Amino acid sequence: MLLTFLCALIVAALVLFWFFGRRPYKNKNISQKEIATYIQLLLDRGFDGGVLVIEVPKTHYFVQFSKYIIRPGVVGLRLSFPRAPWSEELFAGMRRLVEEKGYFYRLENVEKGNVSGFLVVDLKTAVDKATELTQLILARIFTLDSLQTVDITCWNISHLDEKIGF
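Owing to the predicted nature of the structure, the values given are computational and were not obtained by experimental measurement.

Each value, and the rule that gives it
- Residues numbered from 1 in each chain as written.
- Predicted model: local features only at pLDDT ≥ 70, side-chain atom pairs only at ≥ 80, totals over all residues.
- Heavy atoms only, no water.
- pLDDT = per-residue confidence, 0-100.
- Contact = heavy atoms within 4.5 Å.
- Pairing = 2+ DSSP bridges.
- Helix = DSSP H or I, 4+ residues; strand = E, 2+ residues; numbered from the N terminus.
- Axes fitted to C-alpha atoms, helices over the stretch in contact; angles between N-to-C directions.
- Phe/Tyr/Trp six-rings, centres within 6.5 Å; stacked < 30°, edge-to-face > 60°.
- Lys NZ or Arg CZ within 6 Å of the ring centre and 35° of its normal.
- Expected span 1.5 Å × (residues − 1).
- Buried < 20%, exposed > 50% of the residue type's maximum accessible area, 1.4 Å probe, protein only.
- Core = buried A, V, L, I, M, F, W, Y, C linked by side-chain atoms within 4.5 Å.
- Salt bridge = Lys/Arg side-chain N within 4 Å of Asp/Glu carboxyl O.

**Some details on the confidence of the model for the protein chain**
Here is step 1: Looking at the protein chain as a whole, the pLDDT averages 89, with 86% of positions reaching at least 70.
Here is step 2: Low pLDDT, under 50, characterises residues 13-22; the stretch is placed with one contact to residues that sit more than four places away or in other chains.

**Focus: the sheet that holds strand β7 (residues 150-157)**
Here is step 1: Read across the sheet, seven strands follow the order β1-β7-β2-β3-β4-β6-β5 without closing on themselves; strand pairing throughout is antiparallel. Of all the strands in the sheet, the pair left with one neighbour each is β1 (26-30) and β5 (105-112). Going from strand to strand, the sheet's axes swing by 25 degrees on average, the running direction of each strand aside.
Here is step 2: Here five bridges tie strand β2 (residues 46-55) to strand β3 (residues 62-71), and the two strands are oriented antiparallel to one another. Bridge pairing in β3 places Ile-54 opposite Val-63.
Here is step 3: Sitting on the sheet, helix α2 (residues 35-45) is in contact with β1, β2, β3, β4 (74-83) and β7, with an inclination near 165 degrees to β2.
Here is step 4: Across the face of the sheet, helix α3 (residues 88-100) comes into contact with β4, β5 and β6 (115-124) while running at roughly 140 degrees to β4.

**A few points about the packing of aromatic side chains**
Here is step 1: Scanning the entire structure with this criterion turns up six aromatic pairs.
Here is step 2: Consider the rings of Phe-81 and Trp-86, whose centres lie 5.9 Å apart with planes at 70 degrees: the pair is edge-to-face.
Here is step 3: Positioned above the aromatic ring of Tyr-68 is the side chain of Arg-78, whose terminal nitrogen or guanidinium carbon lies 4.0 Å from the ring centre.
Here is step 4: Lys-163 extends its terminal NZ or CZ atom over the ring of Phe-166, reaching a point 5.0 Å from the ring centre.

**Let's talk about helix α4 (residues 127-141)**
Here is step 1: Helix length check: α4 (15 residues) gives 20 Å between terminal C-alpha atoms against 21 Å at 1.5 Å per residue, within 8%.
Here is step 2: Of all the positions in α4, only Val-127, Ala-130, Thr-131, Leu-133, Thr-134, Leu-136, Ile-137, Leu-138 and Ile-141 are classed as buried.

**A few points about the nonpolar core**
Here is step 1: Counting 38 residues, the largest nonpolar core has Leu-52, Phe-65, Leu-79, Val-121, Ile-137, Phe-142 and Ile-152 as the members making the most contacts within it.
Here is step 2: Secondary-structure elements contributing two or more residues to this core are α2, β2, β3, β4, α3, β6, α4 and β7.
Here is step 3: For this core, the element with the most residues is α4, which contributes seven residues.

**Some details on the environment of Gly-50**
Here is step 1: Position of Gly-50 relative to the elements: it lies in strand β2.
Here is step 2: Owing to a relative accessible area of 0%, Gly-50 belongs among the buried residues under this scheme.
Here is step 3: On a C-alpha basis, the gap between Gly-50 and Ser-158 in space is 9.3 Å, while along the polypeptide they are 108 residues apart.
Here is step 4: Not counting the four nearest positions on each side in its chain, Gly-50 is found in contact with Leu-42, Phe-65, Ser-66, Lys-67, Trp-155 and Asn-156.

**Points about the pattern of salt bridges**
Here is step 1: A full pass over the atoms with the stated rule returns seven salt bridges.
Here is step 2: The closest approach of N and O atoms between Arg-95 and Glu-99, which form a salt bridge, is 3.7 Å. Separated by four residues within a single helix, Arg-95 and Glu-99 lie in helix α3, roughly one turn from each other.
Here is step 3: Taking the relative accessible area as the measure of exposure, Glu-99 reaches 43% and is therefore partly exposed.
Here is step 4: Note that Lys-124 is salt-bridged to Asp-122, the shortest N-O span being 3.5 Å.

**Quick notes on unusual backbone geometry**
Here is step 1: For Thr-143, which is not glycine, the phi dihedral falls at a positive 50 degrees.
Here is step 2: Structurally, Thr-143 can be placed in the loop between α4 and β7.
Here is step 3: One non-glycine residue, Asn-156, lies in positive phi territory at about 60 degrees.
Here is step 4: Take Asn-156: it is sitting in strand β7.

Next comes the structure, spelled out in structure tokens:
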């Protein structure tokens, strides 16, 4: 009986370590000047569907990028901005900003929780344009001071120094 209990306890501990060990790590208090490094990290080392989320601390505001791999050598980054209750007032401004800067975008309708759609910008492999657009969103849409830090979380990115999909 005691052996069964100990085995169950060990299995439960291993499952918890596995679950929490694979969760993404949130990088806190990141300078806005470092955003390009993280976007480049997603492009280089992200797997298909890898995600990078740049959050404004103590708000609901965030910018999300995902990596796609169509086939070897055809990779890119997409910025997705949700249409949700927290972003409804910002959505029109976001659309105007993207149009003003000449970025090609599309609107995707979805029904996922409180999210009714996304404004999606395909930035291909242009890390500089992804960085510029992120900084514009932070400054003009979220009205964030350039010295204020952000939190950055990554999912599905290799811990090895390798290029994936190229």
